[in-house]
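Geometric and topological summary
This is what each chain is made of:
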Amino acid sequence: MRIMNKESNSDHAIAGAISGFFTRFTCQPLDVVKIRFQLQVEPIKKYHISKYQSISQAFWLILKEERIFALWKGHVPAQLLSISYGAGQFYSYNVLMTFSNKNSILNEWKNLKNFLIGASAGSIATIVSFPFDTIRTRLIAQSSNDKVYKGIIHLCSVILRQESPKVFFAGLSPTLIQIAPHSGLHFLFYNFLTDTYKKYFKETNISFYNSLISGGMSGLMAKTIVYPMDLARKRLQIQGFKDGRKGFGKFFECKGLIDCFRVTIRDEGAKGLFKGLFPSQLKAALTTALHFTFYEQALLFLKEIL
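Sequence positions are assigned chain by chain, starting from 1 and proceeding in written order. Confidence filtering applies because this is a predicted model: local features only for residues at pLDDT of at least 70, side-chain atom pairs given and counted only at 80 or more, and all residues used for totals across whole chains, interfaces and linings. Computation of side-chain values: all heavy atoms of the structure, hydrogens and water removed.

- The protein chain appears in an unreviewed UniProt entry as Mitochondrial thiamine pyrophosphate carrier from Polistes dominula.
- Listed in UniProt under the heading Subcellular location (unreviewed entry), the comment for the protein chain reads: "Membrane".
- UniProt positions are given in the numbering used here, feature names are shortened, and annotations may be inferred rather than shown by experiment. The record held by UniProt for the protein chain lists under Sequence similarities (unreviewed entry) the comment "Belongs to the mitochondrial carrier (TC 2.A.29) family."

Re the nonpolar core
- Core analysis: the largest hydrophobic core is formed by 16 residues, its most contacted members being V33, F37, L39, Y52, A58, I62 and I238.
- Taken together, the elements giving at least two residues each to this core come down to α1 (9–39), α2 (55–66) and α4 (110–141).
- In terms of residue count, the dominant contributor to this core is α1 (five residues).
- Residue contacts are counted whenever heavy atoms from the two residues lie within 4.5 Å of one another. Residues in contact with V33, not counting those within four places in the same chain, are A58, F59 and I62. Nine residue types can take part in a nonpolar core, namely buried Ala, Val, Leu, Ile, Met, Phe, Trp, Tyr and Cys, and a core is a set of them joined through side-chain atoms within 4.5 Å. Throughout, exposure labels follow a simple rule: accessible area from a 1.4 Å probe, protein chains only, divided by the maximum for the residue type, with under 20% read as buried, over 50% as exposed, and the rest as partly exposed. Strands are runs of DSSP state E lasting at least 2 residues, helices are runs of H or I lasting at least 4, and numbering of each runs from the N terminus.

Digging into the side chain of S214
- By secondary structure assignment, the location of S214 is in helix α7 (residues 208–237).
- Residue classification places S214 among the buried residues on the basis of a relative accessible area of 2%.
- Under this definition, polar contacts are N or O atom pairs within 3.5 Å; protein pairs additionally need one hydrogen-donor-capable and one acceptor-capable atom, and for neighbouring residues in sequence, both atoms have to be side-chain atoms. A polar contact of 2.9 Å, which involves the side chain of S214, links it to the side chain of N210.
- Excluding residues within four positions of it along the chain, S214 makes contact with Y190, L193 and T194.

Structure, rendered in structure tokens:
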């Protein structure tokens with residue numbers, strides 16, 4: 001990650017927001033399929049009674065039953081999530097990195113510093129953007145044929161009226177447990193891989209291809225390591241939303257993070273903790289590659305026009 005003194009903190013926030021917007025628009029269909037897999041209790045297998053049986057079958061079934069726009073279901077709150085998360089993550093990363101560079105305690109352990117600052121930046125961005133994550137998860141989770149929510153405003157009013165404001169932060173604990181190492185690993189792997197790429201190809205700056213390849217690999221590795229926490233987060237976010245899940249099979253019910261893991265392993269086996277892993281890996285590799293690439297390119301663009 002390039003940290004330049006000539007760039008203000010606001011430049012990093014704007015570049016992060018731009019990156020979040022374009023990355024989300026490109027990868028939203030994979031996110032929809034991933035979430036559908038995560039929320040399905042039945043096995044993801046061909047020739048089974050489960051609704052979704054493979055990536056290609058899931059895409060085709062969503063297109064058939066709900067039409068193409070369903071692949072961008074929950075896109076508006078997802079964009080709000082991505083923009084706020086991207087801005088918060090890169091802004092806080094730059095602030096924390098600038099501060100740490102003035103204090104030589106961690107400078108001797110470069111990889112550890114990248115991990116800790118990345119983890120902190122991811123945690124801050126998650127807290128700021130988390131309500132949008134809950135909103136888009138519920139919009140994606142509901143069937144187009146049995147809608148409970150008519151839109152973002154209606155969804156928020158129903159939650160506030162029938163449930164509790166705390167629902168907007170349902171699943172925050174497992175998310176933070178997941179996102180801290182996830183974001184830390186993102187920046188650790190990305191910085192390590194970009195430095196390795198530069199040495200191998202004798203480059204001085206991070207090129208477009210370097211950012212794309214290093215971002216994709218870092219996203220794939222980080223997502224695989226922390227995936228069970230991502231699955232638990234999605235399942236916790238739909239608790240109390242049974243009516244909106246008609247037609248999707250058995251509804252998953254649990255009482256908290258530990259119970260979520262217990263029920264998942266009991267009913268679906270240890271493999272259940274990795275349900276939807278493959279589309280998630282595809283999404284993570286593509287998302288992270290685009291996230292860092294759009295960010296780097298946006299920084300260059302801002303540097304030229306400002």
